[in-house]
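# Structural characterization, general
Single-letter residue listing:
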Amino acid sequence: MAHRLILASASPARLSSLRNAGLDPEVIVSGIDEDTIHDDRPDLLARALAEAKGSAVLERVEGDVVLVACDSLLEFEGRAYGKPGTPEQAVAHWCRIRGGQGVLHTGHFVVVRHGDREVRQSRIASTVVKFGDLTDEEIEAYVATGEPLVVAGGFTIDGFGGAFITAVEGDPHNVIGISLPLLRQMVLDLGVPWQSLWRPGLIKRL
């Protein structure tokens, strides 16, 4: 059975990851004020943000649907770091994390609604990320690309920032912003076979 799949996230990296995995979600952005959501633990904050985004979008959607919402934060020395926002903040952030390691937490929120039945699940994926010992010149050049300003933790693994990540421990998909193995398990738990989410025509009969 075909499912209407919605991604409640504006992240182009998450959308690309899902498309590369054979899915073709409809994107609906929540527009929530993330500054109103708080938790002392970075992992729980990521989950709470994902739940808030997904719940806001779900209120605007009718009918049967599989909805996926995510939010990512970098935990470094016990603090949560989202998007730096400005070049100055991005430079200061990279001066802190270079040569060190942090944990990238992504909260995942999935809702399956079919008729009168609605089930939901929230889970967290965490991946250890080790950063290269960048020079000041490398940091300035990286920030000048604009990339670290708009991504959680101020880095990517699938863009300019990939050269500055020396190792990961855990699911590398999670560093991009969505854990595909975790998402597959979540939808299975909620009664939806993963392959049923593949876009029509993906599988060709031999």
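Residues numbered from 1 in each chain as written. Predicted model: local features only at pLDDT ≥ 70, side-chain atom pairs only at ≥ 80, totals over all residues. Heavy atoms only, no water.

Looking now at unusual backbone geometry. Backbone geometry places E77, a non-glycine residue, at a positive phi of 55°. Tracing the chain through its elements places E77 in the loop between β3 (65-76) and β4 (79-81). (Helix = DSSP H or I, 4+ residues; strand = E, 2+ residues; numbered from the N terminus.)

On the surface, a cluster of negative charge is made up of D133, E137, E138 and E140. Mapped onto the fold, E138 is located in helix α4 (residues 136-144). E138 sits in the partly exposed class, given a relative accessible area of 34%. (Patch = residues over 30% accessible without salt bridge, like charges linked within 9 Å, V, L, I, M, F, W, Y side chains within 5 Å. Areas by Shrake-Rupley, 256 points an atom, 1.4 Å probe, with all protein chains shown as cover. Salt bridge = Lys/Arg side-chain N within 4 Å of Asp/Glu carboxyl O. Lys, Arg positive; Asp, Glu negative; His and termini not counted. Charge placed at Lys NZ, Arg CZ, Asp CG, Glu CD. Buried < 20%, exposed > 50% of the residue type's maximum accessible area, 1.4 Å probe, protein only.)

With that settled, consider the nonpolar core. Judged by nonpolar contacts, the single largest core of 21 residues is most densely connected at V68, V110 and L183. Here this core takes five residues from helix α6 (residues 180-189), the largest share from any one element. Not counting the four nearest positions on each side in its chain, V110 is found in contact with L67, V68, V119, R120, Q121, L183, M186, V187 and L190. Residues A90, L104, F164 and V175 belong to the second largest nonpolar core, which totals 18 residues. (Core = buried A, V, L, I, M, F, W, Y, C linked by side-chain atoms within 4.5 Å. Contact = heavy atoms within 4.5 Å.)

Let us look at the layout of surface pockets. Remark: the empty space left among the atoms is shown by a probe the size of a water molecule rolled over them. What the largest pocket holds in volume is close to 880 Å³. D71, S72, K83, V151 and A152 are the residues nearest the centre of the largest pocket, which is lined by 38 residues in total. Elements that contribute at least two residues to the lining of the largest pocket include exactly α1 (12-20), α2 (42-58), β3, β4 and α5 (172-176). (1 Å grid on protein atoms, 1.4 Å probe; cavity = no way out; pocket = protein on both sides within 12 Å on 5 of 7 lines; lining within 4 Å. Points joined across faces, edges and corners; volume = space filled by probe spheres on them.)

Turning our attention to the environment of K130. Inspection of the secondary structure puts K130 in strand β6 (residues 117-131). Judged by its relative accessible area of 28%, K130 is partly exposed. In this structure the C-alpha to C-alpha distance between K130 and G99, which are 31 residues apart in sequence, comes to 7.4 Å. Residues contacting K130, with those up to four places away along its chain left out, are G100, Q101, F164, I165, T166, A167 and E169.

In this section: α4. Of all the residues in α4, the buried ones are I139, Y142 and V143. End-on, the buried residues of α4 take up no more than an arc of 95°, which puts them together on one face. What points out from α4, more than 90 degrees from its buried face, is the exposed set E137, E140 and A144. Looking at the buried residues of α4, the elements they touch are α3 (87-97). Downstream of α4 by a residue or two, G146 has a phi angle that is positive, lying close to 85°. (Arc of directions from axis to C-beta.)

Along the chain, S72 turns up in strand β3. On the accessibility criterion, S72 (8% relative accessible area) is buried. A distance of 3.1 Å separates polar atoms of two side chains, one belonging to S72 and the other to R14. Here the side chain of S72 touches T106 through a polar contact of 2.7 Å, side chain to side chain. Among residues more than four places away in sequence, those in contact with S72 are R14, L104, H105, T106, A152 and G177. (Polar contact = N/O pair within 3.5 Å; in protein donor to acceptor, adjacent residues only side chain to side chain.)

Applying the stated criterion to the full structure yields five aromatic pairs. A ring pair is formed by W94 and Y142, whose centres lie 5.8 Å apart and whose planes are at 80°; its orientation type is edge-to-face. Residue W94 is found in helix α3, and its partner Y142 is found in helix α4; the two are separated by 48 residues along the sequence. Since its relative accessible area comes to 0%, W94 is described here as buried. Given the relative accessible area of 2%, Y142 is considered buried. A network of ring pairs unites the aromatic residues W94, F131, Y142, F155 and F164 as a single cluster. (Phe/Tyr/Trp six-rings, centres within 6.5 Å; stacked < 30°, edge-to-face > 60°.)

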